[in-house]
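What follows is the residue order along each chain.
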Amino acid sequence: MSQDLRGRLVERRRRFHRYPEPAWREFYTTSLLVEELEQMQVDELAVGHETMRSESRMAVPSDAELRPWFERARERGASEDVLAACEGGQTGCVAVLDRGEGPSIGLRVDIDGLFIEEASEDHRPTREKFRSEHEGVMHACGHDAHMAIGLGVIEAVMDSEFSGTLTVFFQPAEEEAGGGRPMAEGRYIKGIEYLLCVHVGLDHPTGEVVAGIEKPLAMSHLKAEFRGASAHAGKAPEEGENAIQTMATAVNDAYAIPRHSEGMTRVNVGRVEAGTATNVIAEEARRCRSLTVIAYSQGAVVAYEALSQLAHPSVPATQTPLLSPSGR
Ligand SMILES: [Zn+2]
């Protein structure tokens, strides 16, 4: 790698690191990416809604949650064209290099940050002045590095003898497992023969590159909602249909899916929320937001099917199961 390219990679990664934006709110991030990709003069560049099937987005925040991030991006100087293309939380972009005859290769890199407060003391980004400028949010999962890698790969391929097509997907909302599907159903995935993804870290030494399809990198989230009927717990409990009881059973049963580190699947129920009062049969066990499935490649499908069946035998397993069984 040339010193020039290395320097650019570091500089870009640090720039992205300073402005982390959570899932579907990557307005400024997308603008920074588009600025770089336009300078590189890639053969095709699609932004925001052009890159995906918007209806397939999952875990999209409300307008009230999106708005401050949209406005902040505008204040920072994000491109108005990019903002228009990303309106309503349709963030991300896709760049294509058309280098004639040959294989069609896709590379997916993710772009979102996490709601985690970045350390301020004894921390390299603080010392070297690229700490997050968005309090309470940081690039804690390395997606800043992934974006720099995506841009670096484009530059390297431009300088190479590669013959074929390279499509780089700068995918939003990875942390919410919400951005993969809309891009996978968008028009740029069609015809891709080999799709690659990258992730930094994972306890390998710096400088070591590992190729593989194992370990917990294929991940899905399920959100389940249980509905029952309310009743007074003392006066007439038999008239109620207890949504909490149903949820508790489903959660317990979910842990029957094998999840030890040598197996194919991991399952974790990370957050539940239900009920209104201690003396009321709960009508709803809702916003069971993180009935989270973390699985190895094909294991994800197995876990989806099993979890869907647990919650409602008639609900087919899909990428976006909406589980709403009776609370009986
Ligand atoms: Zn990550």
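Because the structure is predicted, anything quoted here is derived from the model rather than measured. (Residues numbered from 1 in each chain as written. Predicted model: local features only at pLDDT ≥ 70, side-chain atom pairs only at ≥ 80, totals over all residues.)

Engineer: An account of the overall build of the protein chain is needed here, citing residue identities and associated values.
Structural biologist: In terms of helices and strands, the protein chain carries 9 helices and 10 strands. By sequence separation, contacts in the protein chain at least 24 residues apart represent 76% of the contacts at least 6 residues apart. (Helix = DSSP H or I, 4+ residues; strand = E, 2+ residues; numbered from the N terminus. Contact = placed C-beta atoms within 7 Å.)

Engineer: For the nonpolar core, give the residues involved together with the corresponding values.
Structural biologist: Among the nonpolar cores identified, the biggest contains 38 residues, and C93, V94, M147, V168 and F170 are the most heavily contacted of them. Within the residue set of this core, elements represented by two or more residues are helix 2 (27-40), strand 1 (44-47), helix 3 (63-76), helix 4 (80-85), strand 2 (93-99), strand 3 (104-110), helix 6 (143-158) and strand 4 (164-171). Ignoring sequence-local partners within four residues, the contact set of M147 consists of F16, L33, V109, I111 and F170. (Core = buried A, V, L, I, M, F, W, Y, C linked by C-beta atoms within 7 Å. Buried ≥ 20, exposed ≤ 12 C-beta atoms within 10 Å, placed from the backbone.)

Engineer: With reference to specific residues and values, describe helix 6.
Structural biologist: In this model helix 6 runs 23 Å from its N-terminal to its C-terminal C-alpha over 16 residues, within 8% of the 22 Å that 1.5 Å per residue would give. Burial in helix 6 covers these residues: H143, D144, A145, H146, M147, A148, I149, G150, L151 and I154. If you follow the buried residues of helix 6, they end up packed against helix 1 (3-18), helix 2, strand 2, strand 3 and strand 4. (Expected span 1.5 Å × (residues − 1).)

Engineer: Talk me through the environment of R13; I want residue IDs and the actual numbers.
Structural biologist: Among the secondary structure elements, R13 is positioned in helix 1. Assessed through the 22 C-beta atoms surrounding it within 10 Å, R13 is described here as buried. Expressed as a C-alpha distance, the spacing of R13 and I149, which sit 136 residues apart in the sequence, is 8.5 Å. Excluding residues that lie within four positions of it along the chain, R13 makes contacts with D144, A145 and A148.

Engineer: Could you give me a rundown of the sheet that holds strand 2, with the residues and numbers involved?
Structural biologist: Backbone-to-backbone hydrogen bonds join strands into a sheet, with any given pair of strands oriented parallel or antiparallel. Taken in spatial order, the 5 strands make up an open sheet running 1-2-4-3-5, and their pairing is mixed. Since the sheet does not close on itself, it has two edges, and those belong to strand 1 and strand 5 (194-197), each with one partner. Going across the sheet, the axis of each strand differs from the next one's by a mean of 15 degrees, ignoring polarity. As paired elements, strand 3 and strand 5 share 4 bridges and run parallel to each other. Looking at strand 5, one finds that G106 is bridged to L195. (Pairing = 2+ DSSP bridges. Axes fitted to C-alpha atoms, helices over the stretch in contact; angles between N-to-C directions.)

Engineer: Just give me the short version of the packing of helix 2 against helix 3, but keep the residues and values in it.
Structural biologist: Orientation of helix 2 relative to helix 3, taken along the N-to-C sense of each, is 40 degrees, at an axis distance of 8 Å. Put simply, helix 2 runs oblique to helix 3. In contact with F27, Y28 and S31 of helix 2, helix 3 contributes W69, F70, A73 and R76. (Parallel < 35°, antiparallel > 145°, perpendicular 65-115°, else oblique.)

Engineer: I'd like a rundown of the packing of helix 1 against helix 6, residues and numbers included.
Structural biologist: Contact geometry of helix 1 with helix 6 gives a least axis separation of 8 Å together with a crossing angle of 145 degrees. Crossing angle aside, the handedness with which helix 1 passes helix 6 is right-handed. Residues L5, L9, R12, R13, F16 and H17 of helix 1 form the contact with helix 6, whose own contacting residues are D144, A145, M147, A148, L151, G152 and E155. Considered class by class, the residues forming the contact of helix 1 with helix 6 number 7 nonpolar, 2 polar and 4 charged. (Left-handed = near helix turned anticlockwise from the far one by under 90°. Nonpolar A, V, L, I, M, F, W, Y, C, P; charged D, E, K, R; others polar.)

That's the geometry; what it means functionally is another story.
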